[in-house]
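# Close look at the chain arrangement
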Amino acid sequence: MTYAVHLSDDLLIRSIDAELSLDERLYAEPHLAACESCRRRRREWAESLELVETCVASVVPSAPANSRMRLAAALRAQSDSNESSPIVGSLSLESIRRMDARRVPATHPWRQLAVAASIACAVLSGLALQRYLPFMAAPSPDPSAVEAGAENDYLPLPYSSAALSTAQAEVVRVQMPVSALREAGIDVASPDEEYVDADILLGLDGQPQGIRVVNDGSALN
Amino acid sequence: MSAGFLPTRQSSWGESSTVGSMALHDVVLEHYDREHMAIRRYLVFCGISPDLAEDAVQEAFLRLQVHLERNGDRTNLRAWLYRVAHNLALHELQGARHRLSDPLETAEGTSRAIDPAESPEQSLLDKERSNRLRMAIGRLPEVPRQCVVMRAQGLRFREIAEVLGLSVSTVAEHVQRGLRQVREIV
C-alpha cells in the first residue's frame, strides 16, 4: 500500500525508542506495517542511531586511577561528618562547598574540599563541645606542648594529642563561618565578614589539633 | 507486534534502586561504577576538560549521597546524576576553571576502545570512520549534540528532557536534527 502522507521523522525516531503514546502507536504501527518507504526511513534512522551509539561508546574518557578511591573517602567523610556533628548537620551543602581548602602541598581540589569539609566539621563540633559541654570535654593539651614559633598562637582543640608537634603536623587553611566561631566563644575581628580564613593544625591521625584565625591578623581568644 | 516497537533499551536503573541494608556510600559507589564513565563521556562531548569532568563527577556523586540521605526522589537517579553533573560542569564549576570551546579538543585527550580481534587495516578504517563521526558529533550545535550523546548512551527522550529542562518533543527534534547533520557530514 502507498500512502499520500508518510510518518514524520520525529515519529519514526521515537518509535525506535518505543516512546510513542498509545494514540501515536495506533496511528504509526499499521502505517509502518504497510508502508515500505517509512520502514526504510525508520531503518535508516535506526542505523544512524546505532552508528552514533558505537562512536560515542568508543570514546574512553580519561579518569584518574584513584578517582573511585577518592570518592569513597569523600563519601565516608561526608557521611561521618553528618552523623557525628550537630553543627555540621545544620550546614547546607552549599556552605560546605564554600569552604575553600588550600592544602600544603597542593592536592586535587575535590580532595581538598572533602578534607576541608570534614576538618571544619570536626573543628566546629569540637569548639561547640568545649563551650557548651565543658564537663564532658576531654582535657585539652597543654598549649606549651605546641612547639614555639609561628604556630604558638594555635588554640588547642579538645581531644587533641598532648604530644602535638608542628613538625609532625600539617596545616590546612579553610574558611570558617564567623558566626560559628563566635558561637564557640572565639573572637573574630572581622565584623563584616561572613567567613574568615583559619589555619587548622592536623595531627598524624588526620584529626584537627589546633586552630588559629589568620586573615584578620588577630590571634584567637 | 509489527514493525519492531519493542523497547530497545532497559528502563532507567534508578527506578528500582533500593538502599536495603547497604551503607549509603556503598549504594552511591555502586551507582558510580555503573554510570561514571558515561557521564564523563557526556561531559567530554560537551567540551569539558577531563579535570573539570572529574570534579563534576566527584561532586555529583557526593551530592547523590546527600540527596539519598534526605530521601530525595529516586524515580530516575540516572537522569538526576546527568542533570547535576551537567549543571556543575557547564554552569557552576566553569567560572574559575577553563572550559574548552571545542569538544574535539577535549576528545583528543581520550582514547578509543580497540577490539583486539580487528586486523590492522580494519582497525585503521574503523579508527578513521570513528574520528570522522566524532568530529561530526563535535561540530553539532550544543543542544543537539547533548541530546544525541545522551541518547547514544541509552537515555530515553523523557530522561534527556529532564536533564536539559526541555520538552520531550523538543528533544526528539534535536536528536533528529543532530542525526541528520551527522549523516550529512559522514
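Residues numbered from 1 in each chain as written. Chains lettered and ligands numbered in written order. Predicted model: local features only at pLDDT ≥ 70, side-chain atom pairs only at ≥ 80, totals over all residues. Heavy atoms only, no water.

## Focus on the overall build of chain B
Within chain B one finds 8 helices and 1 strand. When burial is assessed residue by residue, chain B has 55% of its 186 residues classed as buried. In chain B, of all internal contacts separated by at least 6 residues, the share reaching a separation of at least 24 is 71%. (Helix = DSSP H or I, 4+ residues; strand = E, 2+ residues; numbered from the N terminus. Buried < 20%, exposed > 50% of the residue type's maximum accessible area, 1.4 Å probe, protein only. Contact = heavy atoms within 4.5 Å.)

## With respect to the overall build of chain A
Check the secondary structure of chain A and you find 8 helices and 6 strands. Listing the helices and strands of chain A from first to last along the sequence gives α-α-α-β-α-α-α-β-α-β-β-α-β-β. Partitioning the contacts of chain A with sequence separation of at least 6, the portion at a separation of at least 24 is 58%. When the accessible area of chain A is evaluated, it comes to approximately 10,800 Å², of which 54% is carbon and sulfur surface. (Areas by Shrake-Rupley, 256 points an atom, 1.4 Å probe, with all protein chains shown as cover.)

## Observations concerning the confidence of the model for chain A
Residues and elements named next belong to chain A. The pLDDT averaged across chain A works out to 68; a share of 54% of its residues lies at or above 70. For chain A, strand β2 (residues 102-103) is the element with the lowest average pLDDT, namely 32, and helix α2 (residues 22-34) is the one with the highest, namely 93. In the model, residues 85-107 has pLDDT below 50 throughout and makes 52 contacts with residues more than four positions away in sequence or in other chains. Low pLDDT (under 50) marks residues 217-221, which in the prediction has 12 contacts with non-local residues, meaning those over four places away or in another chain. (pLDDT = per-residue confidence, 0-100.)

## Quick word on α2(A)
The first and last C-alpha atoms of α2(A) sit 19 Å apart over 13 residues, in line with the 18 Å expected at 1.5 Å per residue. Within α2(A), burial applies to A:Ala28, A:Glu29, A:His31 and A:Leu32. (Expected span 1.5 Å × (residues − 1).)

## Some words on the nonpolar core
Judged by nonpolar contacts, the single largest core of 71 residues is most densely connected at B:Leu43, B:Phe61 and B:Ile137. Residues contacting B:Phe61, with those up to four places away along its chain left out, are A:Leu71, A:Leu75, B:Val28, B:His31, B:Tyr32, B:His36, B:Ile39 and B:Leu81. A:Val174, A:Val178, A:Val188 and A:Ala198 belong to the second-largest nonpolar core, a separate cluster that totals 14 residues. (Core = buried A, V, L, I, M, F, W, Y, C linked by side-chain atoms within 4.5 Å.)

## Some remarks on the pattern of salt bridges
Summed over the entire model, instances satisfying the criterion amount to 19 salt bridges over all chains. Residues A:Glu24 and A:Arg14 are paired through a salt bridge, measuring 2.8 Å at the closest nitrogen-oxygen approach. With A:Glu24 in helix α2 and A:Arg14 in helix α1 (residues 9-16), this pair connects stretches of sequence that are 10 residues apart. A salt bridge links A:Glu36 to A:Arg43, with the shortest nitrogen-to-oxygen separation between them at 3.6 Å. With a relative accessible area of 44%, A:Arg43 lands in the partly exposed category. Connected through shared salt-bridge partners, A:Asp9, A:Arg41 and B:Arg180 make up one network. (Salt bridge = Lys/Arg side-chain N within 4 Å of Asp/Glu carboxyl O.)

## Quick notes on the environment of B:Val27
Residue and element names in this part refer to chain B. Among the secondary structure elements, Val27 is positioned in helix α1 (residues 24-45). Look at Val27 and you get buried, because its relative accessible area is 2%. For Val27 and Leu68, which are 41 residues apart along the polypeptide, the C-alpha to C-alpha distance reads 9.5 Å.

## Focus: the packing of α1(A) against helix α8 (residues 168-185) of chain B
It is the contact of α1(A) with α8(B), at a shortest axis distance of 9 Å, that shows an interaxial angle of 95 degrees. The orientation of α1(A) with respect to α8(B), classified from their angle, is roughly perpendicular. Contact residues: A:Asp9, A:Asp10, A:Ile13 and A:Arg14 in α1(A); B:Ala172, B:Val175, B:Gln176, B:Leu179 and B:Arg180 in α8(B). (Axes fitted to C-alpha atoms, helices over the stretch in contact; angles between N-to-C directions. Parallel < 35°, antiparallel > 145°, perpendicular 65-115°, else oblique.)

## Examining the packing of aromatic side chains
For the structure on display, the rule yields 2 aromatic pairs over all chains. Seen from their ring centres, B:Tyr32 and B:Phe61 are 5.2 Å apart, and the 75 degrees between their planes marks the pair as edge-to-face. Here B:Tyr32, found in helix α1, pairs with B:Phe61, found in helix α2 (residues 50-69); they are 29 residues apart in sequence, far enough to count as distant. For B:Tyr32, a relative accessible area of 2% gives the class buried. Under the relative-accessibility criterion, B:Phe61 is labelled buried at 0%. Cation over ring: B:Arg183 sits above A:Trp45, and NZ or CZ is 4.2 Å from the ring centre. (Phe/Tyr/Trp six-rings, centres within 6.5 Å; stacked < 30°, edge-to-face > 60°. Lys NZ or Arg CZ within 6 Å of the ring centre and 35° of its normal.)

## With respect to the environment of B:Val149
Among the structural elements, B:Val149 can be located in helix α6 (residues 142-152). As a C-alpha pair, B:Val149 and B:Arg41 span 108 residues in sequence and 8.5 Å in three-dimensional space.

## A few points about the packing of α1(A) against helix α3 (residues 36-58) of chain A
Residue and element names in this part refer to chain A. Two elements in contact, α1 and α3, have axes whose closest approach is 9 Å; the angle formed by their N-to-C orientations is 60 degrees. With respect to each other, α1 and α3 are oriented oblique. Considering the relative orientation of α1 and α3, their crossing is right-handed. Here Asp9, Leu12, Ile13, Ser15 and Ile16 of α1 lie close against α3, whose contacting residues are Cys38, Arg41, Arg42, Trp45, Ala46 and Leu49. Per-class residue counts for the contact of α1 with α3 are 7 nonpolar, 1 polar and 3 charged. (Left-handed = near helix turned anticlockwise from the far one by under 90°. Nonpolar A, V, L, I, M, F, W, Y, C, P; charged D, E, K, R; others polar.)

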